[in-house]
Amino acid sequence: MGDIHRRGVVALGLTALVAPLALALGAAPAQAASSCTTSTGPYQKQAEKFLGRPVDGRQSAADCKAIRAFQAKNGITPTIGYAGPVTWGVMDLINQQKAVGKNPNKSGKCPVNKGRIACVDLTHQLSWIQDGKKLVYGPVPVRTGRKGFVTRTGLTKVYWRDLHHVSTLYDVSMPYSQFFNGGEAFHSVGLSMWNPPGSHGCVNMTPKDAKKYWSLLRTGDDVFVYGHKPGT
């Protein structure tokens, strides 16, 4: 997200391109980030199962290589193959997202009496577009506000769209921006959707999904954000 220079609207947050969260509680012993740890993390078995490795709870060179690859892909640092709480937190979220399947509004929390509406489930870090009870697009993984910059909940509307928006505060590109709550917007980023710790309030999307949202939504369409992002 960023400030809206053309209309003089001051954004309420920053762009979502932030540095990855380093391992904190339960962190691996200090080692060079380029090396592969031999230490067994507290979530070793869970990580092994997630990655399709033999589940024995003991770190091996192959285990470490697989965990490191997952960490590198999703911006988790340090990239040393340690199965700590941040790494497992991302894996667990991915599992929860897969479990949602193609019925993201099973709970009925996103209004079905508004016609076309973009829904954002902070708890599962998912978004979709529905029209009444009909699922139009999604659900897709998204990256929302981190602690201290949590994406605000509630019913709002898309009020301004800027295909090639650039944050004038931070000089960061925000393609396919669709603003719906002050400086909070759907927009594309070149990061993994599971890159911790999250945005500064915007709903980050892959370029493919942000482009699709741009084609489906219009100014005035409803947006409903609900739930609570893990760790915020």
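Note: the structure precedes this text.
First things first, this report covers the structure right here in the doc. (Residues numbered from 1 in each chain as written. Predicted model: local features only at pLDDT ≥ 70, side-chain atom pairs only at ≥ 80, totals over all residues. Heavy atoms only, no water.)

## Notes on the overall build of the protein chain
Broken down by element type, the protein chain carries four helices and nine strands. Seen in sequence order, the protein chain has helices and strands lined up from the N terminus as α-α-α-β-β-β-β-β-β-β-β-α-β. For the protein chain, the proportion of its 232 residues judged to be buried stands at 48%. A separation of at least 24 residues holds for 62% of the contacts in the protein chain among residues at least 6 apart in sequence. In the structure as shown, the protein chain presents an accessible area of about 10,800 Å², 56% of it carried by carbon and sulfur atoms. (Helix = DSSP H or I, 4+ residues; strand = E, 2+ residues; numbered from the N terminus. Buried < 20%, exposed > 50% of the residue type's maximum accessible area, 1.4 Å probe, protein only. Contact = heavy atoms within 4.5 Å. Areas by Shrake-Rupley, 256 points an atom, 1.4 Å probe, with all protein chains shown as cover.)

## Looking at the environment of Asp121
Secondary-structure assignment places Asp121 in strand β1 (residues 116–121). Look at Asp121 and you get buried, because its relative accessible area is 5%. With near-sequence residues (within four places) excluded, Asp121 lies in contact with Leu126, Trp128 and Tyr226. A polar contact is formed between the side chain of Asp121 and the backbone nitrogen of Thr123, at a distance of 3.0 Å. (Polar contact = N/O pair within 3.5 Å; in protein donor to acceptor, adjacent residues only side chain to side chain.)

## Considering the pattern of salt bridges
Opposite charge on two side chains lets them pair, provided their charged atoms get close. Tallied over the full model, the rule gives five salt bridges. Between Asp63 and Arg53 there is a salt bridge, with its nearest N and O atoms 2.8 Å apart. On the criterion of sequence distance, the pair formed by Asp63 in helix α2 (residues 61–74) and Arg53 in the loop between α1 (44–50) and α2 is long-range, its members being ten residues apart. Looking at Asp63, the relative accessible area reads 3%, which means it is buried. Residue classification places Arg53 among the partly exposed positions, given a relative accessible area of 27%. (Salt bridge = Lys/Arg side-chain N within 4 Å of Asp/Glu carboxyl O.)

## Topic: the state of the cysteines
Applying the stated rule across the entire model yields two disulfides. Each sulfur of the disulfide joining Cys36 and Cys64 lies 1.7 Å from the other. Of this pair, Cys36 sits in the segment before α1 while Cys64 is found in helix α2, placing the two residues 28 residues apart along the sequence. Exposure remark for Cys64: the relative accessible area of 1% places this residue in the buried category. Disulfide partner of Cys110: Cys119, at an S-S distance of 2.0 Å. (Disulfide = S-S within 2.5 Å.)

## A word on the sheet that holds strand β2 (residues 126–131)
The mixed open sheet is built from five strands, whose spatial order is β3-β2-β1-β9-β4. At either margin of the open sheet sits one strand with a lone partner, and together these are β3 (134–141) and β4 (154–157). Neighbour-to-neighbour, the strand axes of this sheet turn through a mean angle of 20°, independent of strand direction. Note that β1 and strand β9 (residues 222–226) share five bridges and pair parallel. Each residue of the ladder has a partner; that of Ile117, found in β9, is Asp222. Lying on the sheet, helix α4 (residues 207–216) is in contact with β1, β2 and β3; it crosses β3 at an angle near 155°. (Pairing = 2+ DSSP bridges. Axes fitted to C-alpha atoms, helices over the stretch in contact; angles between N-to-C directions.)

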